[in-house]
Amino acid sequence: MHLPAPGHDAERAVEEVLDLRPGADIRSLAGGVAELSRLFTRHKQSPLQEYLNDVNLRRSYLAYFFPVNLAKVRAVLGELPRDRAEPPPPRPARVLDLGSGPGPASVACLTWLRGERRAWGGPIELVLVDRAEPALSVARDVITACRQGEVTVHTIRADLERRAWLKGRPIGQPGTYDLIVLGHCLNELYRTSRDPCARRAKLLEVCLELLHPEGSLIVIEPASRPESRALHRVRDQVLERRLCNVYSPCLRDQPCPALAREDDWCHEERPWTAPWTVEAIDSHVGFIKDALKFSYLVLRRDGRTIVSRHAETYRVVSELRILKGEQRAWLCNEAGRHEVGRLDREGSQENAAIERWHRGAIVRVDEIVRKSVPVGVRSVGRIRAGTRVQLLRAIED
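Residues numbered from 1 in each chain as written. Predicted model: local features only at pLDDT ≥ 70, side-chain atom pairs only at ≥ 80, totals over all residues. Heavy atoms only, no water.

### Quick word on the overall build of the protein
Here is the rule we go by: The helix and strand labels rest on DSSP assignments: H or I over at least four residues marks a helix, E over at least two residues marks a strand, and numbering proceeds from the N terminus. Burial classes: relative accessible area under 20% of the type maximum marks a residue as buried, over 50% as exposed, and values in between as partly exposed (1.4 Å probe, protein chains only). Should any heavy atoms of two residues lie within 4.5 Å, those residues are considered in contact. Working definition of accessibility: Shrake-Rupley area with a 1.4 Å probe, residue cover restricted to the visible protein chains.
Scanning the protein for helices and strands turns up nine helices and 15 strands. In the protein, which comprises 397 residues, the proportion classed as buried is 54%. Long-range contacts, defined here as pairs at least 24 residues apart, represent 76% of the contacts in the protein between residues at least 6 apart. Working note: accessible area of the protein is about 18,100 Å², and carbon and sulfur atoms make up 47% of it.

Written out as structure tokens, the structure is:
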């Protein structure tokens, strides 16, 4: 395996580890991506780590799924606070990457800490835990390739379903990790347990014990309905213990309202610019990876939230639907999950911001008019011409 000199950005580091150049013949990689996609769809009971033991599938994962998962973690990191209640202490920034695979989450955290989070100009310590040694080996190579400044990397080969990984010396003391990430990992754990969600919630409680008081615990899962709803249930069980609060995406700490109906779930769809490797593989396989789709959860122990919570502040949890004579979207906040619309004839300068709503945006609506309906019957809340609508936080590419 070709190993580049340190200091490159993450995408170039992966390309050089794979010894890829624009114009290279990537048919074999495309075939591996097609096979991985088939395995992910038809053999969900087999964890990703088993596929990564195959050298060809591992290369295909790095070329295609690694940059996709890297971009997902970066998107969530971009929502985290960029300030601290106190100046950063004279200690390394510590990152724990559970179910790390080849390390896309670790690389995303490393580049974020060195880039956007310039407060961390000092040492960085990465701890990666995974059951597959080949994946950890690749992770070490990629991290070395994009390393900037003083970075210490620890890898632990362990099964997260067994608590032995907690006893490893690199794990360290409780309350010391600034970032803990589980990327596309939680849904693979405890699948044969009597209550998988309860076991997963217990694991997140262990992670919260390891989290620094101003740190963030990030969980990223597939955007499908089963995996997303399972994450919603885990969320509710963790919050019942009152050990943390939701920083994002939720604007509430009460039970998730999407669980009230079987056909509801929350997920993200973020725009992104795919690297050339992904575009080239897409052209061979027939995929279209023009957006990042995932579900996620960010938990904190300090009470901080992505925006100040208010009865008139909402997260948009659907696309904006353009219907005949009106526009509608689903909004969620402390009061629950509701469909809201504005008739075209009620359009005004005050409420024009509704036309820029999109999934994941945070908005403020001064008043939503609701009709009285029987219990169990859904009604559409209405935005009138004189109602002020603001787009507080947009999802940026």
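### Re the nonpolar core
What counts is decided by this rule: Buried Ala, Val, Leu, Ile, Met, Phe, Trp, Tyr and Cys residues that are joined via side-chain atoms within 4.5 Å together make up what is termed a nonpolar core.
Membership of the largest hydrophobic core comes to 65 residues, with the highest contact counts inside it found for Leu 77, Leu 80, Leu 179, Ile 218 and Ile 281. Examining the composition of this core, we find that 14 residues originate from one element, helix 4 (residues 55-77), more than from any other. Counting residues in each nonpolar core, the second largest holds 36 residues, with Tyr 190, Val 234, Cys 244 and Leu 297 among its members.

### Notes on the packing of aromatic side chains
Formally: Any two rings among Phe, Tyr and Trp, with Trp reduced to its six-membered ring, count as a pair given centres within 6.5 Å; such a pair is stacked if its planes are under 30 degrees apart, edge-to-face if over 60, and tilted if neither. When the NZ atom of lysine or the CZ atom of arginine is within 6 Å of a ring's centre and also within 35 degrees of its normal, the charge is said to sit over that ring.
Enumeration according to the criterion identifies four aromatic pairs in this entry. Ring geometry for Phe 294 and Tyr 296: centres 5.8 Å apart, planes at 55 degrees, overall tilted. With respect to class, Phe 294 is no different from Tyr 296; both count as buried. Taken together, the aromatic side chains of Tyr 61, Tyr 64, Phe 65 and Phe 287 make up a single cluster linked through ring pairs. One cation-aromatic arrangement involves Arg 94 over Tyr 177; the distance from NZ or CZ to the ring centre is 4.2 Å.

### With respect to the environment of Trp 357
Considering the arrangement of structural elements, one finds Trp 357 in the loop between strand 12 (336-343) and strand 13 (362-365). Judged by its relative accessible area of 4%, Trp 357 is buried. Trp 357 sits 37 residues away from Ala 394 along the chain, and the two C-alpha atoms are 8.1 Å apart. Apart from residues lying up to four places away in sequence, Trp 357 is in contact with Val 316, Leu 320, Ala 329, Leu 331, Val 363, Val 365, Ile 383 and Val 389.

### Observations concerning the confidence of the model for the protein
It should be kept in mind that the predicted coordinates are not to be read in detail where pLDDT is low. Stated precisely, the cut-off is as follows: The pLDDT score gives, residue by residue, the confidence of the prediction method on a 0 to 100 scale.
Confidence in the prediction of the protein, expressed as mean pLDDT, is 87, and 86% of residues score 70 or more. Taken element by element, the protein is modelled with least confidence in helix 3 (residues 48-51), mean pLDDT 62, and with most confidence in strand 6 (residues 245-248), mean pLDDT 98. Between residues 1-8, whose pLDDT stays under 50, and residues either more than four places distant or in other chains, the model counts 24 contacts.

### Topic: the environment of Ala 158
As for its placement among the helices and strands, Ala 158 is situated in the loop between strand 3 (151-157) and strand 4 (177-183). Placed 30 residues apart in sequence, Ala 158 and Leu 128 show a C-alpha to C-alpha distance of 9.9 Å. Those residues within four positions of Ala 158 in sequence are excluded, and the remaining contacts are Val 129, Asp 130, Arg 131 and Trp 165.

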